[in-house]
Amino acid sequence: MSGSSEQSAAAAVVAATEHIDIDRLVRDGVLTRDEARALEHSQQSDSGGAARMEALPETRGGVSEGDEKDAVKEAAVKHKRHWVRVTRVCNQRCTFCLDSMNQDGTMIDTDSLKAYIALGRKMGRERLILSGGEASVHPDYIELIRFGREVGYEWIQTVTNGMMFSYRKFAQKCADAGLNEATVSMHGHTAYLQDRLTGTPGAFVTGIKGMKNLINTGKVVVNVDVVINKQNYKHLPDIIEYYYNMSIREFDLLHIIPFGRGFDEHRHSLFFDLNDAVPYFRKAFAWANKPGVYLWTNRLPVPYLEDFERLIQDPHKLTYEFDGGRHNFESFLKRGLKPDCWGERCDYCFLDGPCRSTMFPYRGHLEARSFPHVRLDSQTVWPSNEARAVFEAQAPQRVTLTARDGDDAARALESLPFGDTPVTLQLDPGASLDTALSHGRVDRVVVASVADAARALVGKDKVPAPTEVEVLLDRALAAWLLARPTTLRSWGSRLILTVQDHEYLSGSQETDPTPESLRKLARQGARLKNVPECVAGGATEPHDHHMLDAGMLDRGGDLDLDGYVHHYIEHEYYAKSLRCHRCAKNDSCSGLHINYLRNHGFKILRPLDAAGRELEDAGSFEDITQVLKQATAQQDKRSRKRIVGMHQPAQSVRVALGDTRLGGPGGA
Ligand code: SF4
Ligand code: SF4
């Protein structure tokens, strides 16, 4: 086919997608039902996965390599990806395969695949990812790469076991067709490990040959995925070194999860106690400090990344996880049917924090009309009367109302339900509070700048006592207040300084007040909110967890899955250190937002005794993992029912230190 006729063929397929029928893609086997639903909901990129190495930003003067890596990773998360499964067959039989139940030995029809690839471009996706099963065994694989290039993807990536690329000509043809990146699944650095884990004799030799062939094309970036499991965790540093010596600079370390064949058939040989793995992990993670090396972690419980917080996966990867089980999660939110995976797996599941520990209580609150806190914007457009009725049926102890200005707020307050429930009012910056404050229900106002705080506390808009003023604290404001201790004192106890949650790490990096500044503010008498006592050095105000935002409800008055996940990432994804379980405040404390911890590290969390003093014998991170290790070993001996050698931290911690939940509401 000539170049121009190829282009017109591509254009014809693109045109055909004007009327693309998602149901048909499901019937043709291109998409599962969950994938189709995710697609319908998705206006955004898929998140996570490998960084786009060719998109490294220019090195900025004075910016550390660590900051550069953070920026590249965040850019990668925002990059719009289009995942396309091209086969339901694989030439390996990995013991931990998550996809085995989707594999029926068939190839997916090429025309349907092309229609779906073209659809991704129409949706503005920039990166095409061809996956399977094993994508490269599809008879039209090279044609699909070429087609992706023709319809305009900037970057074409494949996820593969590398075996097909051991044929040099095949690797070259793929590169010539436009393949930019191959993510090769290599779980060992020896034939013994790789062949055993993949259930495929020859997997190592052919995989390595495939990687070399791809590298030798000079056109394809090659990186490595490793599924961390009981058989390879001790070799993790060696695995990275082996592939580093093959010029690989990017690694995705995926923690085994309790789904698929790994849990159903091989749990005893694959799952392990994370506390055993800590010394090996730390050696492996240290590779991330090497110039030019990019490490990603996936589904690894975050407390085990103490000292390596930059490797905590971007919280937005949760959206991808929830997309993958959309049907299950939506059935729960809309009909109360527990997800298929609920039960034994939950204790070992990375999604315990956002799923069982938070989404389940959220639905419980909605149903029982018992959300403790609700939030409404004056301009809320209700998706239906039903949604409005469900929201207004709640019996909260606090309502937060956001409005543009005083008049807007006054109007909204007139029609606000919930009886005499106290109202926290947040207006746009600079807006006058006057009119709104005449309404007796407002007992707290929220402001975001020092000018607004001054107006509200001592200026012309002075808020009458006992109304409180909550100030959203950033680094500049903290510095301003610390430089004016007299002003701070004169503003008195009605002032609350709130550390903000940031959806992105960059938001935290740009504006977080430092832990030291928080401690100093607390010492000067400031009331801090959203800060654990160990950081403030004294008592603090509780965070607004379990808050129903009106925007989270769908037409049926149920929680919308995407709205919930977004809310979780921004406001509920809190975490704590393993050491927190020695802290007397553990039960009442939810720790810190994940992005504050990614920015400042777990080390700032220091266990306290009942009187609020720092424990002298709190121990290091390594110390506590040793305690947990011994405790789980004893537990194994005591109970024959336990799955020996398969402990996630939540279990271990309960065993060793009492039945407390790990990581607060966001302990994923
Ligand atoms: S926590 Fe949620 S996603 Fe994980 S196994 Fe349990 S029900 Fe399934
Ligand atoms: S539980 Fe953890 S975060 Fe909370 S006060 Fe104690 S040490 Fe700090």
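The rules behind the values
Residues numbered from 1 in each chain as written. Chains lettered and ligands numbered in written order. Predicted model: local features only at pLDDT ≥ 70, side-chain atom pairs only at ≥ 80, totals over all residues. Heavy atoms only, no water. Axes fitted to C-alpha atoms, helices over the stretch in contact; angles between N-to-C directions. Helix = DSSP H or I, 4+ residues; strand = E, 2+ residues; numbered from the N terminus. Parallel < 35°, antiparallel > 145°, perpendicular 65-115°, else oblique. Left-handed = near helix turned anticlockwise from the far one by under 90°. Contact = heavy atoms within 4.5 Å. Nonpolar A, V, L, I, M, F, W, Y, C, P; charged D, E, K, R; others polar. Buried < 20%, exposed > 50% of the residue type's maximum accessible area, 1.4 Å probe, protein only. Polar contact = N/O pair within 3.5 Å; in protein donor to acceptor, adjacent residues only side chain to side chain. Pairing = 2+ DSSP bridges. Near = heavy atom within 4 Å. Lys, Arg positive; Asp, Glu negative; His and termini not counted. Salt bridge = Lys/Arg side-chain N within 4 Å of Asp/Glu carboxyl O.

Participant: For the packing of helix 21 (residues 475–482) against helix 24 (residues 515–523), give the residues involved together with the corresponding values.
Facilitator: Axis angle and axis distance: for two packed helices, these are the angle between their axes and the distance between the axes, and together they describe the pair. Interaxial distance between helix 21 and helix 24 falls to 10 Å at its minimum, and their mutual angle equals 40 degrees. Put simply, helix 21 runs oblique to helix 24. Of the two elements, helix 21 crosses helix 24, and the hand of that crossing is left-handed. On the side of helix 21, the interface is formed by A478, L481 and L482, while helix 24 contributes S517, K520 and L521. Residues belonging to the contact of helix 21 with helix 24 are distributed by class as follows: four nonpolar, one polar and one charged.

Participant: Requested: an account of helix 18 (residues 406–414), with residues and values cited.
Facilitator: All of the buried residues in helix 18 are G406, D408, A409, A410, A412 and L413. Buried-residue contacts for helix 18 involve strand 11 (398–403), strand 12 (423–427), helix 19 (434–437) and strand 13 (442–447). At the N-terminal boundary of helix 18, the capping side chain belongs to D405, with an oxygen 3.2 Å from the backbone nitrogen of D407.

Participant: An account of the pairing of strand 15 (residues 495–499) is needed here, citing residue identities and associated values.
Facilitator: Most of strand 15 is tucked away: five of the five residues are buried. Burial of strand 15 is two-sided: the residues L495, L497 and V499 facing one way and the residues I496 and T498 facing the other way are all buried. Relative to strand 16 (residues 527–529), strand 15 runs parallel, the two being bridged by three bridges. Its bridge partner lying in strand 16, I496 is registered against R527.

Participant: If you had to explain the site of ligand 1 to someone new, which residues and values would you point to?
Facilitator: Around ligand 1 sit F259, F329, P339, C341, W342, R345, C346, C349, D352, C355 and R356, and those are all the residues in its vicinity. Across the shell around ligand 1, the residue classes tally to eight nonpolar, no polar and three charged.

Participant: Tell me about the environment of V227, and name the residues and values.
Facilitator: On the secondary structure map, V227 appears in strand 7 (residues 221–228). With near-sequence residues (within four places) excluded, V227 lies in contact with F96, H187, N232, L254 and I256.

Participant: Can you explain the sheet that holds strand 10 (residues 373–377)? Please cite residues and give values.
Facilitator: What the eight strands build is an open sheet, ordered 16-15-14-13-12-11-10-17; its pairing is parallel. The sheet is open, and its two borders are formed by strand 16 and strand 17 (547–549), each paired with just one other strand. Pairs of neighbouring strands in the sheet enclose a mean axial angle of 25 degrees, with direction left out of account. Both strand 10 and strand 11 contribute to a ladder of five bridges, which runs parallel. Bridging across to strand 11, D377 finds its partner in T402. Sitting on the sheet, helix 24 is in contact with strand 14 (468–473), strand 15 and strand 16, with an inclination near 140 degrees to strand 16.

Participant: Break down the side chain of D195 for me, citing the residues and quoting the values.
Facilitator: Along the chain, the position of D195 falls in helix 8 (residues 191–198). Here D195 occupies a buried position and makes no salt bridge, while the nearest side chain of opposite charge, R196, is found at 9.8 Å. For D195, the side chain forms a polar contact with the main-chain nitrogen of G202, separated by 3.0 Å. Non-local contacts of D195, meaning those with residues more than four positions away in its chain, are made with T200, P201, G202, A203 and F204.

Participant: How would you summarise the site of ligand 2 if you had to cite specific residues and measurements?
Facilitator: Contacts to ligand 2 come from P532, C534, C580, C583, N586, C589, L605, R606 and P607. Classifying every residue of the shell around ligand 2 by side-chain character gives seven nonpolar, one polar and one charged.

Participant: I'd love a proper account of the environment of S517, names of residues and values included.
Facilitator: Among the secondary structure elements, S517 is positioned in helix 24. Relative accessible area serves as the criterion here: at 10%, S517 is assigned to the buried category. Once the C-alpha coordinates of S517 and A479 are considered, the two residues, 38 residues apart in sequence, prove to be 7.4 Å apart. In this structure, S517 is in contact with A478 and L482, ignoring residues within four places of it in sequence.

Participant: How would you explain unusual backbone geometry if you had to name every residue and give the values?
Facilitator: Peptide bonds are, in most cases, trans, and in most cases residues other than glycine have a negative phi. Across the junction of G132 and G133, the peptide omega takes the value 20 degrees, indicating a cis bond. You can see G133 is positioned in the loop between strand 4 (127–131) and helix 6 (141–150). At D307, a position not held by glycine, the phi torsion is positive, near 80 degrees. The topology assignment puts D307 in the loop between strand 9 (294–298) and helix 14 (317–324).

Participant: Go over the pattern of salt bridges with me, naming the residues and quoting the values.
Facilitator: In total, this model carries 39 salt bridges according to the counting rule given. Taking the shortest distance from any N to any O, the salt bridge between R345 and D264 comes out at 3.0 Å. Residue R345 is located in the loop between helix 15 (326–335) and helix 16 (355–368), and its partner D264 is located in helix 11 (residues 260–264); the two are separated by 81 residues in the primary sequence. With its nearest N and O atoms 3.1 Å apart, the salt bridge here joins E470 to K529. Placement of the pair is E470 in strand 14 and K529 in strand 16, with a sequence separation of 59 residues. With a relative accessible area of 5%, E470 lands in the buried category.

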